[in-house]
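An overview of the molecular structure
Residue strings, one per chain:
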Number of protein chains: 2
Amino acid sequence: MVKVNENFVKLPASYLFVEIANKVNAFQQKNPEKEILRLGIGDVTRPLVKPVVDAMKQAADEMGQAETFRGYGPEAGYAFLRETIAAHDYQNLGISADEIFVSDGAKSDTGSIGDIFGLDNTVAVCDPVYPVYVDTNVMAGRAGDFTEGKGWSKIVYMPCLEENYFLPALPETVPDLIYLCFPNNPSGVSMPKSQLQMWVNYANEHGSVILYDAAYEAFVVTPGVPHSIFECEGAKTCAIEFRSFSKTAGFTGTRCAFTVIPKELKADGVSLNRLWDRRQSTKMNGVSYPVQRAAEAVYSSEGQKLVRENIAYYQNNARIILEGLKKAGFTVYGGVDSPYVWMKVPQGMTSWQFFDELLTKCAVVGTPGSGFGLHGEGFFRLTSFNTKENTEKAVQRIVEQFK
Amino acid sequence: MVKVNENFVKLPASYLFVEIANKVNAFQQKNPEKEILRLGIGDVTRPLVKPVVDAMKQAADEMGQAETFRGYGPEAGYAFLRETIAAHDYQNLGISADEIFVSDGAKSDTGSIGDIFGLDNTVAVCDPVYPVYVDTNVMAGRAGDFTEGKGWSKIVYMPCLEENYFLPALPETVPDLIYLCFPNNPSGVSMPKSQLQMWVNYANEHGSVILYDAAYEAFVVTPGVPHSIFECEGAKTCAIEFRSFSKTAGFTGTRCAFTVIPKELKADGVSLNRLWDRRQSTKMNGVSYPVQRAAEAVYSSEGQKLVRENIAYYQNNARIILEGLKKAGFTVYGGVDSPYVWMKVPQGMTSWQFFDELLTKCAVVGTPGSGFGLHGEGFFRLTSFNTKENTEKAVQRIVEQFK
């Protein structure tokens, strides 16, 4: 008699953004005339830039001709893309093409990286945190049991609070796997290189592995904030880095990302680069060829110029939110090296109460901080991915309602 | 101190097709003048048909315009594709769009389906078998330990032999999860509906789940051979079906597939449709929008006409191999409802010896049967995915060498 994976049954049935979508849909149905402004989910809105579209179309044409048709590609990605990434993003960091694994998304990679680690490793996450790190460890059986108001029994939560400027302290009980995401989702704060270096030292000292999600690195503007964990000395023996074209080049619907595993990185004397290679070549067949050509075009000089313009557009939106809310007396964080603004909810409200108020009174959608973890309570995430016009309108509505 | 997943370490370091590629490369380097004919890996060669290319290009253009740009899509696939699949492939089988999960490949889905099942389930596979079913269960820890000449201690092997026309017998010890692939890879034989119905009855009787890989269903021509396991009565309470556009429409480099999990299918009273939905929405972000539009175009009337022509081309190649080898006195199986021909190697040779002979004397590449499992020994897989000219040439070379 077949048995299900019981860990799945422990998971709450619905995913945060599904819950939000349901509330928003219900509101829209009751108020069909209201223009809802969505600053909730972290999804881009600017179209793909022309060199990317052209590259995808040209590759589609190649696939339609016998002479240039391509079947199965290398599971870890075509050399043309891996080499371009290495040369462009890791030029001075000594990362080579065969340390880069192309995939269909950072969610896939951060969600599946656990496959190569034993089930008895302890896992540490920031609190609040991107739910995928926790949920996938629940599925694997590393999380223990859930208690309302406490969280998962085996997960080491690292509180990210106003007091520590949302940068976690080194845990006293040493975890084996440490998920870090900077610039951070949801808080939008970034971690200076000097502080990230402490984490690298800590991981090397204790034999931990840092799973570093750098999905938002393209938004970094502050001097001294690293784009890659491999800017830190010693990171190659303790870190895996996840990057994505989603926020960098608007690929949320196009799907391309990559994961960097240095060859120096070992656990139990075993190369994690080799294990991930085995995992990927057994469980997937590589990314669509036209999508890989599209990703390559992001690095062309015209591609770079245009994606930087899009990022600047979102950065300007973040500034509009930050400055507008600050001026009106709100306490806000993040939004400088990140598309996310982390707003303190007005006193006396929970973050879900504020969500409801904002939706029903302003028709503005954000994400309640408590959806990201216990210590997200009292905060609210706003994203800069809408249009400039809608962003301005949303800020104006919030300020007028809550001033 | 971080621990690796020890099950990974148990796996043989290299994958069958990597080993073959290495041998072929070494031969080509020594003999640069030889024209090698590849009938080894099961990869298509005919280009994408025009409606598919056009749909992908149009979708790429949509992604380049703000008004038509798409960000994150639904993880399980866009309704336009799920509904088209349901209407076209499952019209009379009562499968609805929300029982269809679009993905980037059947390898991803057959490789990851184990996520939703407990680790204590017993697994049965055909022998010989597509290596992914076994390797992914090794990784998860369901396979036990490996002994040379015996296989994995906890896997139930179901021998597919000349004596049973390569159709396995119902296992005496009841397994929880049963992988079946028909038309079969590697043997190329198909299973009549009456016989598949016995498996469905067996699974329902014992509470087992059949993981049915129908990647080659588009090649079925024999009356009474099912395209889908859901043609069998009762399959909705015991089966998951995997399908792919790879062999149907030449998508090996374009990447799109889907998995069908009926809502009736439960284990421990839990809906497997719901569990897979949770798995997919937590561990991936859907398939590239232009790729989903490309897949949709496969079902247009012009798309159907043209992909059927490509399949007919491969089917003709299979006939060339079958008839050519039969005429020369070889014993051959499969190749009718399948792009694969399963050839008995000349007496006194192992399948790897025959591989080496064929490579060095004929410059023809096939796949040694023993690479697919113990009971593949003595057989050899030839594929019909090369050009007609190369297929004819390869058969001629084999016949001349071994007649």
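The model shown is predicted, which means the values in this text are computed figures rather than measured ones. Residue numbers run consecutively from 1 along every chain, following the written order of its sequence. Numbering of ligands from 1 and lettering of chains from A proceed in the order in which they are written. Only residues with pLDDT of at least 70 are given local features in this predicted model, and only at 80 or more are side-chain atom pairs given and counted; all residues enter the totals for whole chains, interfaces and linings. Hydrogen atoms and water are omitted, and side-chain values are computed over all heavy atoms in the structure.

1. As for the interface of chain A and chain B
What counts, and what does not: By definition, residues are in contact when any of their heavy atoms lie within 4.5 Å. Accessible surface is computed with a 1.4 Å probe, and the buried area is the amount of it that two parts give up when combined, taken over both parts together. Any Lys or Arg side-chain nitrogen found within 4 Å of a carboxyl oxygen on Asp or Glu counts as a salt bridge. Between N or O atoms, a polar contact is any pair within 3.5 Å; within protein, one atom must be a potential hydrogen donor and the other a potential acceptor, and residues adjacent in sequence are included only when both atoms are from side chains. Under the convention adopted here, Pro, Cys and the residues Ala, Val, Leu, Ile, Met, Phe, Trp and Tyr are nonpolar, Asp, Glu, Lys and Arg are charged, and Gly plus all remaining residues are polar.
Across the contact, 78 residues belong to chain A and 78 residues belong to chain B. Each partner contributes to the roughly 6600 Å² buried at the junction of chain A and chain B, and carbon and sulfur atoms together form 57% of this total. Across the salt bridge formed by Asp-61 of chain B and Lys-57 of chain A, the nearest N and O atoms sit 2.9 Å from each other. Applying the counting rule to chain A against chain B returns 40 residue pairs in polar contact (both at pLDDT 80 or more). Residues of the side of chain A that touches chain B, tallied by class, amount to 35 nonpolar, 24 polar and 19 charged.

2. Topic: the relation of the copies chain A and chain B
Note: a rotation about an axis with an accompanying shift along it relates these two copies of the chain. The line we're drawing: A least-squares superposition brings the copies together, and it is based on the C-alpha atoms of residues with pLDDT no lower than 70 in both.
Of the transformation superimposing chain A on chain B, the axial component is 0.0 Å and the angular component is 180°, with the fit at an RMSD of 0.0 Å. Look at the turn and shift together and you get a two-fold axis relating the two. When each C-alpha of chain A is compared by its distance to the rotation axis, Lys-57 of chain A comes out closest, at 2.5 Å. The overlap is high: 99% of the interface residues of chain A also sit at the interface in chain B, so the same surface is used on both sides.

3. Some remarks on unusual backbone geometry
What counts, and what does not: Strands are runs of DSSP state E lasting at least two residues, helices are runs of H or I lasting at least four, and both sets are numbered from the N terminus onward. The buried label applies to any residue whose accessible area, calculated with a 1.4 Å probe on protein chains only, is under 20% of its type's maximum; exposed applies above 50%, and partly exposed to all values in between.
With an omega of 5°, the peptide bond between Asp-127 of chain A and Pro-128 of chain A qualifies as cis. Of note in this structure, Asp-268 of chain B is not a glycine but carries a positive phi near 50°. Counting through the fold element by element, Asp-268 of chain B comes out in the loop between strand S11 (266–267) and strand S12 (270–271). With relative accessibility at 45%, the residue Asp-268 of chain B sits in the partly exposed group.

4. What to know about helix H4 (residues 79–89) of chain A
Along H4 of chain A, the residues that are buried comprise Phe-80, Leu-81, Arg-82, Thr-84, Ile-85, Ala-86 and Asp-89 of chain A. Buried residues in H4 of chain A make contact with strand S2 (100–103), strand S9 (239–244), strand S10 (257–260) and helix H10 (289–297) of chain A.

5. Here we look at the packing of helix H2 (residues 16–30) of chain A against helix H12 (residues 351–362) of chain A
Residue and element names in this part refer to chain A. Rules: Inter-axis angles, ranging from 0 to 180 degrees, are taken between N-to-C directions of lines fitted to C-alpha atoms, where helices are fitted over the stretch in contact. Throughout, a crossing is termed right-handed when the near helix is turned clockwise from the far one, and left-handed when it is turned anticlockwise from it by less than a right angle.
Here H2 crosses H12 at 35°, and the two axes come no closer than 11 Å. Between H2 and H12 the crossing geometry is right-handed. For the pair H2 and H12, the contacting residues are Leu-16, Glu-19, Ile-20, Lys-23, Val-24 and Phe-27 in the first and Trp-352, Phe-355, Asp-356, Leu-359 and Thr-360 in the second. For the contact of H2 with H12, the class distribution of residues is seven nonpolar, one polar and three charged.

6. Considering the pattern of salt bridges
All names here are of chain A. Evaluated as defined, the whole model comprises 40 salt bridges over all chains. As a salt-bridge pair, Lys-361 and Glu-357 come within 3.2 Å of each other at their nearest N and O atoms. Taken as a pair, Lys-361 and Glu-357 lie in helix H12 at a separation of four residues, close to a single helical turn. Its salt-bridge partner being Glu-392, residue Lys-388 comes within 3.5 Å of it at the nearest N-O pair. Placement of both Lys-388 and Glu-392 in helix H13 (residues 388–402) is noted, with a separation of four residues, approximately one turn of the helix. The class for Lys-388 is partly exposed, based on a relative accessible area of 31%.

7. Digging into the domain arrangement of chain A
All names here are of chain A. Using the following cut-off: Domain start and end points were adopted from an automatic or database domain assignment.
Entries for chain A in the domain assignment read domain 1 (6–47 + 302–402) and domain 2 (52–300). Between domain 1 and domain 2, the C-alpha centre-to-centre distance is 24 Å. Each side of the interface is counted separately: domain 1 has 36 residues, and domain 2 has 49 residues. Together, the buried faces of domain 1 and domain 2 total about 3500 Å²; carbon and sulfur atoms form 60% of this surface. For domain 1, the biggest contributors to the area lost against domain 2 are Asp-337, Phe-372 and His-375; these three give 20% of the whole. A salt bridge links Glu-162 to Lys-344; the shortest N-O distance between them is 2.8 Å. Inspection of the region where domain 1 meets domain 2 yields 21 residue pairs in polar contact (both at pLDDT 80 or more). Only helix H1 (6–10), helix H11 (301–327), strand S13 (332–334), strand S14 (340–344) and strand S17 (379–383) provide two or more residues apiece to the side of domain 1 that touches domain 2. Element by element, the count of residues in the side of domain 1 that touches domain 2 is highest for H11, at eight residues. In terms of residue class, the side of domain 1 that touches domain 2 is made up of 16 nonpolar, 13 polar and seven charged.

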